[in-house]
Amino acid sequence: MNILLVNPPNCGRSIPEERYGITSIKQIFRGEPLALEELAGNLHGHEIRLIDLKADPGGLARELQEFRPDVAGITGVTCEANTVLRLAQEIRGYGAVVVVGGIHASNDPEFFNREEIDYIVTGLGKRTFAQLVDLLEEGGSVLPSGVCRTSPGRPLDLERRCSSPADMVQEQSPDYQLVSRYREHYVLERLGIRMGFVASAFGCPHSCSFCAIRGQTGGSYLTRSAEAVIRDISLLPQTPVIRLVDANTFGDVRRARELADALLRSGLAKQYLADIRSDTVVRHPELLRLWKQAGLRAVIIGFEAIDDASLASMQKASEARMNTEAIAILHDLGITIVGDFIISPDAEQEDFSRLSRYFSDNPIDLPMITVMTPLPGTPLYSRQQHLITNHDLDYYTLTNAVIPTRLDEERFYTAYAELLSQGHNHARI
Ligand code: B12
Ligand code: SF4
């Protein structure tokens, strides 16, 4: 069969830009569509193409005319969900069976219960997508668990499940060749250095109330073997920087230590970017020292807030003191810190000022600030659903307030833009 895998274009709308002409908040991100490369790595005996509309926004019609896919698989995050529907409609016009998966499909599958979509896949899809493709080719009526046929007008008949180690299909590497024509596009912003993506773990052992990651695995935390991780890194020889795209690379400390040892032994002279929690840094500074030796260049840490009450309200299971201690430890080790902070739509001017002072007092190399967003499928969404005034998912980029701001809205976005600009003044990665 001809199978086309589709990565949506950069999308999402910006309230500060549209209403107040503030253009500095909306961001463009770059990186390879590893989810689709993973799916492709487990498809055998088919003709497969991958179109990355983030790198080639106008390329879909040409690809559809040339390739005439029998099946199309589309991925997407929440702010891409409306775009996924538009893409599905266009692809359907060519007669392909349309399958949608990814983080939004996993967290809010009913959203995709529409005419233009045939199947929805939730959770890790590497194994189930291959099973679905087999079923479409050979016939049969029993869908794999985690896959459902759409039924517009009626609730989906979907069995919710936790992904298991078998769903990672570790023995098959991602098909990185499928994006070779886009490789130049996948660079580390600011430095222009090529960056490749490798997965070493899925899900997270924690359950912060705002976080969408639970949908990725249905709640389990799954780690890949060091051999599989090193094999995948070796498939990216021209790529000096590897982003481990895990939600939490260090969720199992023993395994993280084994992986660092294996990276050291491998002789791969790469630099790594990885996600870690601040409490892990504070409890295991020796682990970070080891990872620094193995090539850890930068960590991405969800600090989220600078006071205990806010952290508790997010079920972050951490303390503000851990954040400052982690910053000091990482700074001493010479590991670059990309720090995520969340600003609530409820914020007052003093909250912006306090965060500004925090950035002046603590050496965070690149602060990333998002607006607290009740993403469908999260506990925060259940709690704040009644407060939401903007239901258009195009705005769910984490840089818009979808519930009313306490401050005058223009003042809120002006303070937000000022804070971002302060944080990015001396940014490095
Ligand atoms: C790499 C990454 C990116 C890359 C994406 C590369 C690409 N696709 O082009 C870049 C840098 C471009 C990016 C951008 C953004 N991202 Co991002 N990103 C990630 C990250 C770190 C890893 C994703 C990944 O590659 N995982 C590895 C793959 C193998 O796993 P996977 O994606 O889950 O795929 C598996 C299953 O989901 C499923 N599956 C996935 N797609 C499909 C499709 C089909 C057909 C099937 C059958 C199955 C299937 O099978 C896959 C294999 O098992 C995640 C966090 C995380 N750890 O997952 C955030 C994450 C996905 N991003 C997120 C967000 C919010 C964004 C942005 C809005 C920016 C921002 N503010 O952070 C933008 C959106 C882009 C835009 N403006 O249009 C959120 C999404 C939350 C949500 N519900 O929307 C996440 C979860 C992080 C977070 N903060 O919580 N991102
Ligand atoms: S620790 Fe990070 S990845 Fe894990 S649930 Fe919390 S925010 Fe999500």
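Parameters at a glance
Residues numbered from 1 in each chain as written. Chains lettered and ligands numbered in written order. Predicted model: local features only at pLDDT ≥ 70, side-chain atom pairs only at ≥ 80, totals over all residues. Helix = DSSP H or I, 4+ residues; strand = E, 2+ residues; numbered from the N terminus. Buried ≥ 20, exposed ≤ 12 C-beta atoms within 10 Å, placed from the backbone. Contact = placed C-beta atoms within 7 Å. Pairing = 2+ DSSP bridges. Core = buried A, V, L, I, M, F, W, Y, C linked by C-beta atoms within 7 Å. Domains from an automatic or database assignment. Near = placed C-beta within 6 Å. Nonpolar A, V, L, I, M, F, W, Y, C, P; charged D, E, K, R; others polar. Axes fitted to C-alpha atoms, helices over the stretch in contact; angles between N-to-C directions. Expected span 1.5 Å × (residues − 1). Right-handed = clockwise from strand over helix to strand, strands pointing away. Parallel < 35°, antiparallel > 145°, perpendicular 65-115°, else oblique.

Draft legend 1. Representation of the overall build of the protein within the structure. What the protein contains, in helices and strands, is 16 helices and 15 strands. Along the longest, intermediate and shortest principal axes, the C-alpha atoms of the protein span 60 × 55 × 35 Å. In the protein, buried positions account for 47% of the 429 residues. Residue pairs at least 24 apart in sequence account for 78% of intrachain contacts in the protein once pairs closer than 6 positions are excluded.

Draft legend 2. The sheet that holds strand S15 (residues 366-371), seen in detail. Here we have seven strands laid out as an open sheet, ordered S7-S8-S11-S12-S13-S14-S15, and mixed in their pairing. Each of the sheet's edge strands pairs with one partner strand only, and the pair in question is strand S7 (187-188) and S15. By the bridge criterion, two bridges tie S7 to strand S8 (residues 193-198) in an arrangement that is antiparallel. Bridge pairing in S8 links Leu188 to Ile193.

Draft legend 3. Up close: the nonpolar core. Counting 124 residues, the largest nonpolar core has Leu5, Ala72, Ala88, Val98, Val99, Val100 and Val299 as its most contacted members. With six residues, the top contributor of residues to this core is helix H4 (residues 81-92). Two domains each put at least three residues into this core: domain 1 (2-162) and domain 2 (186-424). Look past the residues within four positions of Val98 in its chain and what remains in contact with it is Ala72, Ile74, Ala88, Ile91, Arg92, Glu116, Ile117 and Asp118.

Draft legend 4. Structural view of the site of ligand 1. Not every one of the 45 residues close to ligand 1 is listed here, only the nearest: Ala35, Gly73, Thr75, Gly101 and Gly125. For the shell around ligand 1, the secondary structure elements donating two or more residues are helix H2 (34-41), strand S3 (71-74), strand S4 (97-100), helix H5 (103-107) and helix H6 (126-138). Two domains each put at least three residues into the shell around ligand 1: domain 1 (2-162) and domain 2 (186-424).

Draft legend 5. Layout of the domain arrangement of the protein. Split by domain assignment, the protein resolves into domain 1 (2-162) and domain 2 (186-424). Facing the 28 residues of domain 1 at the interface are 34 residues of domain 2. Partitioned by chemical class, the residues of the side of domain 1 that touches domain 2 number 12 nonpolar, nine polar and seven charged.

Draft legend 6. The arrangement of the sheet that holds strand S6 (residues 147-149) in detail. Strand order in the open sheet formed by six strands is S2-S1-S3-S4-S5-S6, and the pairing between neighbours is mixed. Each edge of the open sheet is held by one strand with a lone partner, namely strand S2 (47-52) and S6. For this sheet, the mean angle separating the axes of adjacent strands, direction not counted, is 20°. As paired strands, strand S1 (residues 2-7) and S2 are joined by six bridges and run parallel to one another. The partner of Ile3 across the bridge, within S2, is Ile48. Helix-sheet contacts for H4 involve S1, S3 and S4, and the interaxial angle to S4 is about 160°.

Draft legend 7. Representation of the environment of Met314 within the structure. Residue placement: Met314 occurs in the loop between helix H12 (308-313) and helix H13 (320-333). C-beta crowding within 10 Å serves as the criterion here: with 20 such atoms nearby, Met314 is assigned to the buried category. Residues Met314 and Glu304, spaced 10 residues apart in sequence, show a C-alpha to C-alpha distance of 8.8 Å. Once residues within four sequence positions are removed from consideration, Met314 is found in contact with Cys208, Ser209, Phe210, Glu304 and Ala305.

Draft legend 8. Geometry of helix H16 (residues 409-424). Between its first and last C-alpha, H16 extends 23 Å over 16 residues, near the 22 Å set by a 1.5 Å rise per residue. Buried residues belonging to H16 abut helix H1 (15-20), strand S14 (336-343), helix H14 (349-361) and S15.

Draft legend 9. Quick look at H2. Counting buried positions along H2 yields eight of eight residues, so the element is predominantly enclosed. Of the residues making up H2, those classed as buried are Leu34, Ala35, Leu36, Glu37, Glu38, Leu39, Ala40 and Gly41. Those residues of H2 hidden inside the fold are in contact with S1, S2, S3, H6 and S8.

Draft legend 10. Quick peek at the pairing of S15. The pairing of S14 with S15 spans six bridges and is parallel. Opposite Val338, over in S15, you have Leu366 as the bridge partner. In the classification by handedness, the crossover that spans S14, the intervening H14 and the parallel S15 is right-handed.

Draft legend 11. Examining the packing of H14 against H16 more closely. Interhelical geometry of H14 versus H16 gives an angle of 0° and a closest axis separation of 10 Å. It follows that H14 is roughly parallel to H16 by the angle criterion. The residues of H16 that touch H14, namely those facing Gln349, Phe352, Leu355, Ser356 and Phe359, are Ala415, Leu419, Gln422 and Gly423. Broken down by class, the residue content of the contact of H14 with H16 amounts to five nonpolar, four polar and no charged.

Draft legend 12. Unusual backbone geometry, seen in detail. At Glu304, a residue that is not glycine, the phi angle is positive and equals roughly 65°. The backbone of Leu398 sits at a positive phi, close to 70°, despite the residue not being glycine. Note that Leu398 resides in the loop between helix H15 (379-384) and H16. According to the C-beta neighbour criterion, Leu398 is buried, with 22 such atoms within 10 Å.

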